[in-house]
Amino acid sequence: MDYTTNTISLEDIEGARKRLVGKVQKTPLIALNYLVPDVNIYLKLENLQPIGSFKIRGACNALGKLSADQLKEGVYTASAGNFAQGLAWNTQKLDIPCNVVVPDHAPATKLAAIERLGGQIVKVPFSEWWKVLETHNFDGMPGTFVHPVSDPSVIAGNGTIGLEIFESLPEVDAIIAPYGGGGLSCGIASAVKALKPEVKVYACEVETAAPLKASMTEDKPVQFDYKASFIDGMGGKSVLTEMWPLARRLLDDSIVVSLQEVVDALKLMAERNHVIAEGAGAAPLAAALSGKAGKGNIVCVVSGGNIDTDKLTTILQGKIPH
């Protein structure tokens, strides 16, 4: 499969939107019930998708573009949980096998959801899992590999979020999306920059997993000393090589936030808007509240809401889960 990701066109994203009709929710864009001087913060609620995550969009579009021969033996992916759910949700409807390689720190909530949707799980150490993302292959696994990040069809599916944001809020000034591998932020930026180039699109990373910010500083992909945390849906050891040209060209910057800032943002969303997010889904709000995305109308993409209950309980007490 071709993983060239130099350009995702507006035509690609519009095509994806047609494939997603009737299968994926058009999610609400709501105002944050919390006043910040000179800033209007909005939440794009992808946590309300059927699987609790935006990943259903890219998975649905990618499967919709595969041939019958490619689907014959099923599909497999490497995922910390949300993309695997998106893929399994779609393969269940197609009645084909779905295998998932997951890192050993993947949360129980996401693993249970994958199995509930019919996905078969193979758990490996983080370094081995990351290698699958880099090589696009896991020896001995049957079926067609669908990359959770750099497959152009996945990125185009994610880009439909950008179309929805712009249609709901044409006067948007900035959009912040969590950065795991870049498929979400680059998909959104591909759509928004084509429609209104002056809109800022920021990636958001957490201090324990910020390879994009390090790479932007050096102007080349660099390694990062990744540390696992309760924020399992974003960050890695490096920027995927095939994603670097797209990320460098489309993203205005990466805003790095602390674990405590994410805890505070997640708690704020739960208390003020009754929105439950996972760590990655709350990170963009933490970035907006830091002031680093500027002023005006800022949209925070709440990418998902799949969080273990014990972690959520700890966060609602204002503490960092371990």
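See above for the structure.
My aim in this report is to walk through the structure given alongside it, one point at a time. Given the structure is predicted, the values throughout are model-derived calculations rather than measurements. (Residues numbered from 1 in each chain as written. Predicted model: local features only at pLDDT ≥ 70, side-chain atom pairs only at ≥ 80, totals over all residues. Heavy atoms only, no water.)

## Points about the overall build of the protein
Counting its secondary structure elements, the protein contains 13 helices and 10 strands. Against the globule reference of 20 Å for 322 residues, the protein gives a C-alpha radius of gyration of 18 Å, in line with a compact fold. Along the first, second and third principal axes, the C-alpha atoms of the protein reach 55 × 40 × 40 Å. Burial statistics for the protein: of 322 residues in total, 60% are counted as buried. (Helix = DSSP H or I, 4+ residues; strand = E, 2+ residues; numbered from the N terminus. Rg over C-alpha atoms; globule rule 2.2 N^0.38 Å. Buried < 20%, exposed > 50% of the residue type's maximum accessible area, 1.4 Å probe, protein only.)

## Details of the sheet that holds strand S10 (residues 296–302)
Sheet strands pair via backbone hydrogen bonds, and the direction of the pair is either parallel or antiparallel. An order of S1-S2-S10-S7-S8-S9 is seen for the six strands of this open sheet, with the pairing classed as mixed. Both edges of this open sheet fall to strand S1 (29–31) and strand S9 (253–257), since each of them pairs with a single strand only. Between one strand and the next, the sheet's axes are offset by a mean angle of 30 degrees, whatever the strand orientation. Both strand S8 (residues 200–206) and S9 contribute to a ladder of five bridges, which runs parallel. What sits directly across from Tyr-202, in S9, is Asp-253. (Pairing = 2+ DSSP bridges. Axes fitted to C-alpha atoms, helices over the stretch in contact; angles between N-to-C directions.)

## Focus on the sheet that holds strand S3 (residues 75–78)
The strand order across the open sheet built from four strands is S5-S4-S3-S6, with neighbouring strands paired in parallel fashion. Each edge of the sheet is formed by a strand with only one pairing partner; in this case those strands are strand S5 (120–124) and strand S6 (144–145). Where strand S4 (residues 98–103) and S5 come together, five bridges link them in parallel fashion. For Pro-103, the partnering residue across the bridge sits in S5 and is Val-124. Across the sheet, helix H4 (residues 82–94) touches S3 and S4, and the angle it forms with S3 is around 170 degrees. (Contact = heavy atoms within 4.5 Å.)

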